Amino acid sequence: MTELDPVIHAQARLRVVASLSALGDGDRIAFPRLQELLAMTAGNLSVHLRKLEEAGYVEINKTHHGRTPTTLVRLSPRGRLAFEEYTEAIRTLLDPTPSKEQS
């Protein structure tokens with residue numbers, strides 16, 4: 001049986017990774033915008049981002065625009081691969097019959 005990545009499988013983290021995967025490779029999103037998209041509190045989002053960062057799935061860059069601190073988040077290449085593997089595992093669980101390629 002296919003194992004699901006426990007880091008991604010938690011509902012809130014799955015929402016975060018799915019949202020970040022919609023960005024292009026290397027694209028980043030500001031923390032407040034991600035928070036707004038996911039309708040999560042700053043504290044809740046921070047906790048889940050920390051777990052994803054510890055797993056190497058997201059990269060967080062804290063910078064400044066003028067005097068305003070800005071936190072930018074992106075899905076790392078490792079995180080993108082992990083999400084692709086996760087979605088493939090879900091597909092396999094939902095339809096365990098191997099697909100036949102047409103000749």
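That block above? That's the structure.
Throughout what follows, the structure given in this document is the object of discussion. On a predicted model such as this, the values are computed, not experimentally measured, just so you know.

Side chains of nonpolar character tend, in soluble globular proteins, to be buried together. Formed by 21 residues in total, the largest nonpolar core has its most connected members in Val16, Leu20, Leu34, Leu45 and Leu49. The set of elements that each furnish at least two residues to this core consists of helix H2 (11–21), helix H3 (31–38), helix H4 (42–54), strand E3 (68–75) and helix H5 (77–94). The biggest single contributor to this core is H2, with 4 residues. Once residues lying within four places of it in the same chain are set aside, the contact partners of Leu20 are Ile29, Leu34, Val58, Val73, Arg74, Leu75 and Arg80.

Below, the discussion takes up the sheet that holds strand E2 (residues 58–65). Picture the strands of a sheet paired through backbone hydrogen bonds; they go either parallel or antiparallel. With antiparallel pairing, 3 strands are arranged side by side in an open sheet as E1-E3-E2. The sheet terminates laterally at strand E1 (29–30) and E2, the two strands that pair on one side only. In terms of strand pairing, E2 meets E3 through 8 bridges, oriented antiparallel. Within the sheet, the bridge partner assigned to Val58 lies in E3 and is Leu75. Running over the sheet, H2 touches E1, E2 and E3 and is turned about 90° from E3.

Rules used in this analysis
Sequence order sets the numbering: in each chain, residues are counted from 1 along the sequence as written. Where totals are concerned, whole chains, interfaces and linings use all residues; where local detail is concerned, this predicted model gives features only for residues with pLDDT of at least 70, and gives and counts side-chain atom pairs only at 80 or more. Computation of side-chain values covers all heavy atoms of the structure but excludes hydrogens and water. Side-chain atoms within 4.5 Å link the members of a nonpolar core, which is a set of buried Ala, Val, Leu, Ile, Met, Phe, Trp, Tyr and Cys residues. Each residue gets one of three labels from its accessible area relative to the maximum for its type: buried under 20%, exposed over 50%, partly exposed in between, using a 1.4 Å probe on protein chains only. Strands are runs of DSSP state E lasting at least 2 residues, helices are runs of H or I lasting at least 4, and numbering of each runs from the N terminus. By definition, residues are in contact when any of their heavy atoms lie within 4.5 Å. Two strands pair under a simple rule: DSSP has to find at least two bridges between them. Angles shown run from 0 to 180 degrees and are taken between the N-to-C directions of axes, each axis being a line fitted to C-alpha atoms and, for helices, limited to the stretch in contact.

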